[in-house]
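Remarks on the overall topology
Chain by chain, the residues run as shown.
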There are 2 protein chains.
Amino acid sequence: MKITIAVDCMGGDHGPVVTVPGSLAFLSKHPNAETVLVGREEELSPLVEKAPAGLKSRLRIYNATQVVGMDEPPASVRSKKNSSMREAIHLVKHGEAQAAVSAGNTGALVMISRFALKTLPGINRPAICFALPTIKGHIYALDLGGNVDCTPEHLFEFGIMGAMLASALDHNERPTVGLLNVGTEEIKGNELTRRAGELLQASNLNYYGYIEGDDIFKGTTDVVVCDGFTGNVALKTSEGLGKMLGTFLREEVRRGPLTMLMGLVAMPLLRRFRNRANPGHYNGAVLLGLRNGVVLKSHGSADAFAFEQALARAADAVSNDLIQRLRDRLDTMMGPNGEDA
Amino acid sequence: MKITIAVDCMGGDHGPVVTVPGSLAFLSKHPNAETVLVGREEELSPLVEKAPAGLKSRLRIYNATQVVGMDEPPASVRSKKNSSMREAIHLVKHGEAQAAVSAGNTGALVMISRFALKTLPGINRPAICFALPTIKGHIYALDLGGNVDCTPEHLFEFGIMGAMLASALDHNERPTVGLLNVGTEEIKGNELTRRAGELLQASNLNYYGYIEGDDIFKGTTDVVVCDGFTGNVALKTSEGLGKMLGTFLREEVRRGPLTMLMGLVAMPLLRRFRNRANPGHYNGAVLLGLRNGVVLKSHGSADAFAFEQALARAADAVSNDLIQRLRDRLDTMMGPNGEDA
């Protein structure tokens, strides 16, 4: 199966200097994949010039002269018809690519994707969903920043979508769904979580109940649902902690000659640990709930290695026929009238 | 200076089997401190029986027959006039102790403390504030779970209280205050953060602007402000990540004979790293904004070592005359009419 991925090369904190090398690295490891590099041709061309012919033959540059700024408000994004982000998503819309990947402005990505690719029946808002590592395996967490103001109904939809994803990708027929809260008792939480909990409880999902922040990495449930504000903060705080611990470990190694020797002896061990803890390995969140194509959000600060992982995830989603599986699952989960039973 | 701390021995996930040994360990390291162990006498007595005479002479048991459950709603808490939590706080109210420490129900602790000890002028809600470690030093984060539904005005008060704490404890005259958000741009965030940002901007605080989750452990600002729901989730998620990474490190060491040997050689290094990363070292959050005494909240799942740290923090707060310093600072920060300029 040939996979074509449209890459928004201008997005993210670093733009083409990260997205183009990341795309080339991806192509070199995925011989059946092609990419369309979307962005300012005069910036992209020099970066692919020296790539091996075997890679060059599997990429093309699609000129898009406008760039969506990381801090640009939605109204201004809408008027940029030739932005690299919009063009990449429209390549998916028109069947020229099966997936789009962007490290750009999250709000704009959600807005453009929702408009161009539509949402699955019964789903109003796409959510940003990420498979986080846990002690037991992984957990699908959503929403991680697509929707900062949520209603209980949105959280309920996220529960359905997360369960769909877990069951489609992990062959898990009855994935457990937890609702992120500040306590596990029924009286805890704010208005939003209390009402969302009632909706989830009344559904035919395998609803686990409230879980707390520390349950995420414990892997207490298969899916965890929260509003996009909380999810984004929790994710980024975790990233920050991971980096700080990496710094602490380096500082302990460099404390003196003896610790440096210890660090040297234990190097393979420490390297394996650091690789496992490296958030770059886990880059690439699915924009879940879209009807007509796959969109992946890379971290804005991703380096070339991390961006490559996001492309690899997009390729996985396409080769696993993610959208069709989600549609099939959604039919099963919703009642015969398209409503949840 | 003699310091007396009232300990709610019945609170937390483990109760007296953790709080009593934690209190004894604290006494053994703080020769000028005394404790009042509040709780069911028949449960506490056997646990102190074998303590050395030098410690026993500095503790007394205060019998409180009721226990506030971890999941108990506020209405039911209010009717328990002889609960260990309430009695511990009332010992502070009546001047028999300068500080109270509890690992119990956070909502109940905030409610009882606010009622018994009142809030500082201009402050409506006490907030749970914690000095988190950062790459650069530490950051005062609040609210971490005391107030799950917040208005912009509450976040603004948290900013004032956090700045007061930083300036009182760190001799930092103009501590920077960051507002936790999902992006650093002005257009990002939800209604709550946008309006709170406006209030902070218009104040005479050294307001830094929006910060993101990963800025916390970077130490981008001296103080970070957020609603109690987000703060609690972020804190607990970080704890969960810390534990997972600890598990990963152990797994890498135990992977085979060679890695075990490496782990053995690097043991002192790894132990120092783990100690630095151990959340137990950082246990004990101040209930900030109270007028007539110090209340510290220990993590509910604290072990004896972690609980001891919370007691040590309470003793620090008392010996640093925290409340008086906060009052002095508050006068400086507020305008001449008690209103912020």
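Higher on the page you've got the structure.
Computed from a prediction, not measured in an experiment: that's the story for all the values here. (Residues numbered from 1 in each chain as written. Chains lettered and ligands numbered in written order. Predicted model: local features only at pLDDT ≥ 70, side-chain atom pairs only at ≥ 80, totals over all residues. Heavy atoms only, no water.)

Right, let's talk about the pairing of strand E4 (residues 99-102) of chain A for a bit. All names here are of chain A. Of the two faces of E4, both are covered, the one formed by Ala99 and Val101 as well as the one formed by Ala100 and Ser102. Note that strand E1 (residues 3-8) and E4 share four bridges and pair parallel. The partner of valine 7 across the bridge, within E4, is valine 101. Across four bridges, E4 lies against strand E11 (residues 294-297) in parallel orientation. Note that in E11 the partner of alanine 99 across the bridge is valine 294. (Buried < 20%, exposed > 50% of the residue type's maximum accessible area, 1.4 Å probe, protein only. Helix = DSSP H or I, 4+ residues; strand = E, 2+ residues; numbered from the N terminus. Pairing = 2+ DSSP bridges.)

Before going further, it helps to examine the pattern of salt bridges. All names here are of chain A. Taken as a whole and assessed by the stated rule, the structure comprises 24 salt bridges over all chains. For arginine 60, the salt bridge goes to glutamate 96, with nearest N and O atoms at 2.9 Å. Pair noted here: arginine 60 is in strand E3 (residues 59-63) and glutamate 96 is in the loop between helix H5 (84-93) and E4, with a separation of 36 residues, a long-range link. Classification of glutamate 96 by relative accessible area gives partly exposed; the value is 39%. (Salt bridge = Lys/Arg side-chain N within 4 Å of Asp/Glu carboxyl O.)

Turning next to the packing of aromatic side chains. Counting across every chain of the model gives zero aromatic pairs over all chains. Taking NZ or CZ as reference, A:Arg313 lies 5.6 Å from the ring centre of A:Phe130, over its face. Taking the ring centre of A:Phe248 as reference, the NZ or CZ of B:Arg276 above it sits at 3.8 Å. (Phe/Tyr/Trp six-rings, centres within 6.5 Å; stacked < 30°, edge-to-face > 60°. Lys NZ or Arg CZ within 6 Å of the ring centre and 35° of its normal.)

Between chain A and chain B, the contact holds 59 residues from the first and 59 residues from the second. A combined buried area of about 5,600 Å² lies between chain A and chain B, and 72% of that area is made up of carbon and sulfur atoms. On the chain A side of the interface with chain B, the three residues burying the most area are A:Phe229, A:Leu269 and A:Arg276, jointly 13% of the side's total. Applying the counting rule to chain A against chain B returns eight salt bridges. Linking A:Glu252 and B:Arg276 is a salt bridge whose minimum nitrogen-to-oxygen distance equals 2.9 Å. At the surface where chain A touches chain B, the tally comes to ten residue pairs in polar contact (both at pLDDT 80 or more). For the side of chain A that touches chain B, the elements supplying multiple residues, two or more each, are helix H8 (191-202), helix H9 (213-218), helix H10 (228-253), helix H11 (257-265) and helix H12 (267-277) of chain A. No other element matches the 20 residues that H10(A) contributes to the side of chain A that touches chain B. Here the residues of the side of chain A that touches chain B are counted per class, giving 27 nonpolar, 17 polar and 15 charged. (Contact = heavy atoms within 4.5 Å. Buried area = accessible area lost by both parts, 1.4 Å probe. Polar contact = N/O pair within 3.5 Å; in protein donor to acceptor, adjacent residues only side chain to side chain. Nonpolar A, V, L, I, M, F, W, Y, C, P; charged D, E, K, R; others polar.)

Time to look at helix H7 (residues 152-170) of chain A. With 19 residues, H7(A) ought to run about 27 Å at 1.5 Å a step, and its terminal C-alpha atoms sit 27 Å apart, in line with that. The element H7(A) is extensively covered by neighbouring structure, given that 16 of its 19 residues are classed as buried. (Expected span 1.5 Å × (residues − 1).)

With that out of the way, let us pick up the sheet that holds strand E4 (residues 99-102) of chain B. Residue and element names in this part refer to chain B. Taken together, the eleven strands give an open sheet; going across it, the order is E3-E2-E1-E4-E11-E10-E5-E6-E9-E7-E8, and neighbouring strands pair in mixed fashion. Each edge of the open sheet is held by one strand with a lone partner, namely strand E3 (59-63) and strand E8 (206-211). The mean angle between the axes of side-by-side strands here comes to 25 degrees, regardless of whether they run parallel or antiparallel. Looking at chain direction, strand E6 (residues 138-142) and strand E9 (residues 223-225) are connected through three bridges and run parallel. The residue bridging leucine 142 from the neighbouring strand is valine 225, located in E9. On top of the sheet, helix H2 (residues 41-48) reaches strand E2 (33-39) and E3; it is set at about 160 degrees to E3, its chief contact. (Axes fitted to C-alpha atoms, helices over the stretch in contact; angles between N-to-C directions.)

Hydrogen bonds along the backbone pair up the strands of a sheet, which may run parallel or antiparallel. Residue and element names in this part refer to chain A. Ordered in space as E3-E2-E1-E4-E11-E10-E5-E6-E9-E7-E8, the eleven strands form an open sheet in which the pairing is mixed. Looking along the sheet, the strands with just one partner apiece sit at the ends: E3 and strand E8 (206-211). Sheet twist, expressed as the average angle between the axes of neighbouring strands with direction ignored, equals 25 degrees. On top of the sheet, helix H13 (residues 304-319) reaches E1, E4, strand E5 (127-133) and E11; it is set at about 140 degrees to E1, its chief contact.

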